[in-house]
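# Notes for the structure review
Now for the letters of each chain:
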Amino acid sequence: MCRLSPDTLNHFRKSVPLLVRILKNLIMAGYSPEHDVSGISDPFLQTRILKLLRLLGCHDDEASEVMNDILAQVATNTESSKNVGNAILYETCSTIMDINSESGLRVLAVNILGRFLLNNDKNIRYVALSTLLKVINVDHNAVQRHRSTIVDCLRDVDSTIKKRAMELSFALINENNVRGMMKELLEFIVVCDDDFKADAASNIVAAAEKYAPNKRWHVDTVLKVLTCAGQHLRDDVIYNMCQLVASTSELHQYSVQRLFLALKEDPTQQALSQVACWCVGEYGDILVHGTSEEADPIQISEDEVLDVLEKTLVSSLSSVISKEYALNALVKLSTRFSQTVDRVKAIVHPYASSTDIELQQRAAEFSHLFGTFSELRNGLLERMPLIESKSTLVNGEGEATLSEMEQQADLLGGGGTSPVKSSPLDGLSPPTSTQQSSSVLDLLGDLSSTPAMPATSSLGPSSSGGDILDLLGGTSSTSAPAMNSNPALNNPMDLLSSLGLGTAPTTTPTPNIMSAQPPSMMSYDFTGQGLLGDGTNGEASSIPSMESYNKNGLVINFDFSRQPGSTDLTVTMTAVYNGSTEITDFVFQAAVPKSFRLDLQPPSGNKIAAFGMGNVTQKMLIKNPNKQQLKLRLRLQYKLEGKTVSEIDDVKNIPEATWN
């Protein structure tokens, strides 16, 4: 009742002193055979009272202050040698961390959880790690004191404990302990199961990028990841490593030398092969002829470099992409090496008849650079300019951001090289994967019932086209005619046609909608106003709030604010989950008709605590210059108990005051 009704919650807050007295009597009472369990008086009632106090004390200073003393008594007087006592201590720690408790009490709770990590029971260790992961943002320094115990859990034989310990270890990394933590995590990635390598490798690279004490340490750390887990890295890690080497001119020879020797020793790691081939192709002359104080004095000949690249090219263990990198590197070395041009030509030429169409096309084009267009070879293959940085994404607790160039990238381009003449969608944050690009397109397709896009807005080829057609098939009320040359646009065109808008001419501007992203993917304005400010100036008009979504325990409420006489509407979305399991990776997206303009500010987070104990908020600024009736379509995506849930819903009964 307290979770569902604020009025009930306020009513029972008056009973906090009574609950405190009952709890005190329980812990101070003597032996009672009818309620005693393993020497503890009525542990079931104690845990129920603690859970209720947690609800009543959340965000309430007065109630929390009344609870502080009794919580300290329970934490210090409860025996932890048996599971009954551990259950009460766990509820006590959870209550302390959720209410507005004193700092000393929070340290006591974290210390109790730290003792749990030394328990022989695997379930207790797992609960302790999970709870510490939740409270680390509340008292980071207190959790840091147990860093060595947490790192020891990485060596546990139980995979679930190792996973939680790994997540908590990454959350503990900061600029002061990055060297020690990275040493432990690099040892872990060598011996861990393949199921952990992908997450561990990506997060090590992201943490190194964020907290690296110097560039050389950064290069060494990423190189160790490439050699240990090169088969499990994402493409953006390869991109960022190449960018790191290119941006540190003082480390060019050192980096290329280390990468070349690593590739020579182990050519089976695909990520290592691709980074090494790219760097050798760009800086092969420095590798062979350069001198640097940072690099060891090792003599490497031109033929030795070509031997390693040719071995990568002909190896059956190399992927097609790695072979493409090696082929590009060989051709670039023809302008950087002076004695082996003929050998490069001989290696490249046979691939003009390769069974792989990509290798065949590249080799055929490169062969022309050795013949008809040889005078263009030096200009075409000169060293690339500095690459724009793309920060690596961290898990839910990270704070990495995207570069300005990526923020302005076309939705379908995804920051890549696919040509796009004119994008039909404006103002959208770029997707981080093909899957996200497809889902955003499905939600934010043309909001009118226009049968086809104008010819000037035709899109370049996209590998995600098939996914776009099938992702939300059947949700549209009509089908777009086949007159569009790109079938990937047919379904998105009509996805929101059920909003009931009339036919609009094909030249009508398309909607300007921003896809909601987790905080780690958006550039954030630290003035406290988000990207666009709160959209208010002065006293806002009073518009009743509304519940826009309520399914499976997830409740989304809208609070509206509009200045008198203004057509700009600020909508504050609040998401609360009343179930028993935390929601993670929560993403909120919205679409409006094309006569409106919608801007989404970054959300407050991407996790929603269970039992209504937390929420995620996000502001939307809607411009309605024509004062038309507001229509909204929502897309929600989140993970619940390891399963991805995706919902699309229309918002009904929007108050008339939002547009009149």
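Shown above is the structure to which this text applies.
So, here's what we can say about the structure. Please read these numbers as outputs of a predicted model, since none were measured by experiment.

## Describing the overall build of the chain
- When you go through the chain residue by residue, the secondary structure sums to 25 helices and twelve strands.
- Across the chain, every contact between residues at least 6 apart in sequence was considered, and the portion connecting residues at least 24 apart equals 68%.
- Entry remark: accessible area of the chain is about 30,700 Å², with carbon and sulfur atoms responsible for 49%.

## Quick word on the side chain of Asn174
- Residue placement: Asn174 occurs in the loop between helix 10 (159-172) and helix 11 (178-191).
- In this structure Asn174 comes out as buried when scored by relative accessible area, which is 16%.
- Once residues within four sequence positions are removed from consideration, Asn174 is found in contact with His140, Gln144 and Tyr211.

## Re the side chain of Arg562
- In this fold, Arg562 is placed in strand 6 (residues 554-562).
- One buried charge, Arg562, has no salt-bridge partner; the nearest side chain with opposite charge is Asp568, at 8.9 Å.
- A polar side-chain atom of Arg562 sits 2.8 Å from the main-chain carbonyl oxygen of Ser566.
- Within polar-contact distance, the side chain of Arg562 engages the backbone oxygen of Ala657 at 2.7 Å.

## Concerning the state of the cysteines
- Counting across every chain of the model gives zero disulfides.
- Cys192 forms no disulfide, and the closest cysteine sulfur to it belongs to Cys228, at a distance of 9.5 Å.
- Classification of Cys192 as buried rests on a relative accessible area of 7%.
- Not engaged in a disulfide, the cysteine Cys279 finds its nearest cysteine sulfur in Cys242; these two sulfurs lie 5.0 Å apart.
- On the basis of relative accessibility, which here comes to 0%, the residue Cys279 falls in the buried class.

## Brief notes about the sheet that holds strand 11 (residues 632-640)
- Strand order in the open sheet formed by three strands is 8-11-12, and the pairing between neighbours is antiparallel. The sheet terminates laterally at strand 8 (583-591) and strand 12 (643-651), the two strands that pair on one side only. On average, each strand axis in the sheet is inclined to that of its neighbour by 15°, with strand direction left out of account.
- As judged from the seven bridges shared by strand 8 and strand 11, these two strands associate in the antiparallel manner. Along strand 11, the bridge assignment pairs Val587 with Gln637.

## Thoughts on the nonpolar core
- Leu132, Leu226, Met241, Leu259 and Val305 are the most contacted members of the largest nonpolar core, which totals 127 residues.
- When residues of this core are assigned to their parent elements, the largest contribution, eleven residues, is made by helix 16 (residues 270-289).
- Each residue touching Leu226, except ones within four places of it in the same chain, is listed here: Leu233, Met241, Leu259, Gln269, Ala271, Leu272 and Val275.
- Ala575, Val592, Leu598 and Trp659 belong to the second-largest nonpolar core, a separate cluster that totals 33 residues.

## Details of the packing of aromatic side chains
- Inspection of every chain in the model, using the stated rule, returns five aromatic pairs.
- Judged by centre distance (6.3 Å) and plane angle (80°), the rings of Phe558 and Phe560 are edge-to-face.
- Through pairs of rings, three or more aromatic residues link up here, namely Phe558, Phe560 and Phe588.
- For the cation-ring pair, Arg216 lies above Tyr254, with the distance from its terminal atom to the ring centre recorded as 4.0 Å.

## So, helix 5 (residues 83-98)
- Here helix 5 is 16 residues long and its end C-alpha atoms lie 22 Å apart, about the 22 Å a rise of 1.5 Å per residue gives.
- Among all positions of helix 5, only Val84, Gly85, Asn86, Ile88, Leu89, Glu91, Thr92, Cys93, Ser94, Thr95, Ile96 and Met97 are buried.

## Side note on the pattern of salt bridges
- In the structure shown here, the tally under the stated rule is 22 salt bridges.
- Residue Glu167 pairs with Lys163 through a salt bridge whose shortest N-O separation is 3.6 Å. Highlighted residues: Glu167 and Lys163, both in helix 10, separated by four residues, approximately one helical turn.
- Judged by its relative accessible area of 19%, Glu167 is buried.
- Bridged by salt links that share partners, the residues Asp303, Asp307, Glu310 and Arg343 form one connected network.

## A few points about the environment of Ser322
- When you line up the elements, Ser322 lands in helix 18 (residues 320-336).
- The buried category is assigned to Ser322, whose relative accessible area is 0%.
- For the pair formed by Ser322 and Ala271, sequence separation is 51 residues and the distance between their alpha carbons is 8.1 Å.
- Each residue touching Ser322, except ones within four places of it in the same chain, is listed here: Gln270, Ser273, Gln274 and Thr312.

## Looking at the pairing of strand 6
- Across the nine residues that make up strand 6, a large majority, seven, are buried.
- Pairing of strand 5 (residues 546-551) with strand 6, which is carried by five bridges, proceeds in the antiparallel orientation. Paired with Glu547 across the two strands is Asn557, which belongs to strand 6.
- Joining the antiparallel neighbours strand 5 and strand 6 is a turn of two residues, in which Asn552 adopts a positive phi near 55°.

Here is what the cut-offs are and how they apply
- Residues numbered from 1 in each chain as written.
- Predicted model: local features only at pLDDT ≥ 70, side-chain atom pairs only at ≥ 80, totals over all residues.
- Heavy atoms only, no water.
- Helix = DSSP H or I, 4+ residues; strand = E, 2+ residues; numbered from the N terminus.
- Contact = heavy atoms within 4.5 Å.
- Areas by Shrake-Rupley, 256 points an atom, 1.4 Å probe, with all protein chains shown as cover.
- Buried < 20%, exposed > 50% of the residue type's maximum accessible area, 1.4 Å probe, protein only.
- Lys, Arg positive; Asp, Glu negative; His and termini not counted.
- Salt bridge = Lys/Arg side-chain N within 4 Å of Asp/Glu carboxyl O.
- Polar contact = N/O pair within 3.5 Å; in protein donor to acceptor, adjacent residues only side chain to side chain.
- Disulfide = S-S within 2.5 Å.
- Pairing = 2+ DSSP bridges.
- Axes fitted to C-alpha atoms, helices over the stretch in contact; angles between N-to-C directions.
- Core = buried A, V, L, I, M, F, W, Y, C linked by side-chain atoms within 4.5 Å.
- Phe/Tyr/Trp six-rings, centres within 6.5 Å; stacked < 30°, edge-to-face > 60°.
- Lys NZ or Arg CZ within 6 Å of the ring centre and 35° of its normal.
- Expected span 1.5 Å × (residues − 1).

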